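Each chain is listed here by its residues.
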Amino acid sequence: MRFDEPRLCPVDLGTGLLGAGDGHYRKTFADLKGLYADEQAFSAILAERADEVAYEVTSYTPGGAVSDLIVGVTRMEPGKVGNEYFLTRGHIHARANRPEVYYGQKGHGLMQLESPDGEVRILEVGPQAICYVPPFWIHRSINVGDEDLVMMFTYPADSGQDYGIIERSGGMKVRIVDDGNGGWAQQPNPDYVPRSAATIEKLLHDAGLAA
Ligand SMILES: [Fe+2]
């Protein structure tokens, strides 16, 4: 076949799942060990919900080239670990100069973004809002609402994910916590270790860019 076949993938807002896709992965609470500040509160959740799905991703991958776009939907449960809102593990793209677009469909979420040199941006993503994640920004989503957070996403199919960049810095620079009034607030992460100039240089170099 000379040309790829177009494809229609319906989104079910009731289940938060993409139809007619070819990928589906689930993260259980047991998979999220080490992400949250309050280990005691996390243990309490594990005791009751270890095998429950915390968030899941359904997707369609047309091919693996940079000119292919993976499309999909992410669905995240609402809740908190202690005073910290449920979040995804977060990553930078393994090919770090690849961007991503999210489109809010249901619920009230945040996109937590952090540049390699430690700039922080928090963008609110609700229904009908498009969030553009530029190349090189580490990103994770957070459910600060009281219902499922559902977002569509798309990114170049050769992007890949590097989750280790967050672990190597002791987490992201800020944590998103309940502000006590039903909203959210940023709190500095005391374990955060800034990336060195050499690490940042390597990221740019690996992407074919000089600093
Ligand atoms: Fe991504």
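A brief report on the enclosed structure follows. (Residues numbered from 1 in each chain as written. Predicted model: local features only at pLDDT ≥ 70, side-chain atom pairs only at ≥ 80, totals over all residues. Heavy atoms only, no water.)

### Comments concerning the overall build of the chain
(1) Moving on: Summing up its helical and strand segments, the chain has three helices and 15 strands in all.
(2) Moving on: In terms of overall size, the chain behaves like a compact globule, its C-alpha atoms giving a radius of gyration of 17 Å where 211 residues would be expected to give roughly 17 Å.
(3) Moving on: Counting only residues that meet the buried cut, the chain has 44% of its 211 residues in that class.
(4) Moving on: In the chain, of all internal contacts separated by at least 6 residues, the share reaching a separation of at least 24 is 70%.
(5) Moving on: With an accessible surface of roughly 10700 Å², the chain has 52% of that area assigned to carbon and sulfur atoms.
(6) Moving on: Across the chain, 19 positive and 30 negative side-chain charges occur, with their mean positions spaced 4 Å apart. (Helix = DSSP H or I, 4+ residues; strand = E, 2+ residues; numbered from the N terminus. Rg over C-alpha atoms; globule rule 2.2 N^0.38 Å. Buried < 20%, exposed > 50% of the residue type's maximum accessible area, 1.4 Å probe, protein only. Contact = heavy atoms within 4.5 Å. Areas by Shrake-Rupley, 256 points an atom, 1.4 Å probe, with all protein chains shown as cover. Lys, Arg positive; Asp, Glu negative; His and termini not counted. Charge placed at Lys NZ, Arg CZ, Asp CG, Glu CD.)

### Some points on the pairing of strand β5 (residues 69–76)
(1) Moving on: In terms of residue burial, β5 counts as a mostly covered element, since six of its eight residues are buried.
(2) Moving on: Bridge analysis of strand β4 (residues 53–60) against β5 gives six bridges, and the strand direction is antiparallel. Pairing of Tyr60 across the sheet is with Val71, part of β5.
(3) Moving on: Note that β5 and strand β13 (residues 149–156) share eight bridges and pair antiparallel. Note that in β13 the partner of Arg75 across the bridge is Val150. (Pairing = 2+ DSSP bridges.)

### Quick word on the pairing of strand β14 (residues 174–178)
(1) Moving on: Of all five residues in β14, four are buried, a share of seventy percent or more.
(2) Moving on: When β14 meets strand β15 (residues 184–188), the two strands line up antiparallel, connected through five bridges. Its bridge partner lying in β15, Val177 is registered against Ala185.
(3) Moving on: Taking the residues that link successive antiparallel strands as the turn, the β14-β15 hairpin has five residues, and the phi of Gly180 there is positive, at about 85°.

### Details of the pattern of salt bridges
Pairs can form between side chains of opposite charge whenever their charged atoms are close.
(1) Moving on: Throughout the structure, instances matching the rule amount to 14 salt bridges.
(2) Moving on: A salt bridge links Asp178 to Lys80, with the nearest nitrogen and oxygen atoms 2.5 Å apart. Taken as a pair, Asp178 in strand β14 and Lys80 in strand β6 (residues 80–81) lie far apart in primary sequence, 98 residues in all.
(3) Moving on: A residue is classified by how much of its surface remains accessible, and Lys80, at 34% relative accessible area, is partly exposed.
(4) Moving on: Close ionic contact of Arg89 with Glu167 constitutes a salt bridge, the shortest N to O distance being 3.4 Å. Residue Arg89 is located in the loop between β7 (84–85) and β8 (100–106), and its partner Glu167 is located in helix α2 (residues 164–167); the two are separated by 78 residues in the primary sequence.
(5) Moving on: Here the salt bridges do not stand alone but share partners, grouping Arg49, Glu52, Glu56, Arg75, Glu77 and Asp148 into one network. (Salt bridge = Lys/Arg side-chain N within 4 Å of Asp/Glu carboxyl O.)

### A few points about the nonpolar core
(1) Moving on: If you look at the biggest cluster of nonpolar residues, it comprises 34 residues, and the most contacted ones within it are Tyr36, Met111 and Ile176.
(2) Moving on: Listed by contribution, the elements that provide at least two residues to this core are α1 (39–49), β4, β5, β9 (109–114), β10 (120–125), β11 (130–133), β13 and β14.
(3) Moving on: By residue number, the principal contributor to this core is β13, which donates four residues. (Core = buried A, V, L, I, M, F, W, Y, C linked by side-chain atoms within 4.5 Å.)

### Brief notes about the sheet that holds β10
(1) Moving on: Read from one edge to the other, the open sheet built from three strands follows the order β10-β9-β12, with strand pairing classed as antiparallel. Looking along the sheet, the strands with just one partner apiece sit at the ends: β10 and β12 (138–143). With strand direction ignored, the average angle separating the axes of adjacent strands in the sheet is 20°.
(2) Moving on: Inspection of the sheet shows β9 paired to β10 by six bridges, in the antiparallel sense. (Axes fitted to C-alpha atoms, helices over the stretch in contact; angles between N-to-C directions.)

### Focus on the coordination of the iron ion
(1) Moving on: Note on the iron ion: its protein donors are His91 (NE2), His93 (NE2), Glu100 (OE) and His139 (NE2). The metal-donor distances range over 2.0 to 2.3 Å.
(2) Moving on: Given four donor atoms and angles of 84 to 166° at the metal, the environment of the iron ion is assigned as irregular.
(3) Moving on: Positions of the donor residues of the iron ion along the chain correspond to the pattern H-x1-H-x6-E-x38-H. Across this residue pair, the class does not change: His93 and Glu100 are buried. (Donors = N, O, S within 2.8 Å, 3.2 Å for Na, K, Ca; no water. Tetrahedral: all angles 85-135°; square planar, octahedral: opposite > 155°, others 65-115°.)

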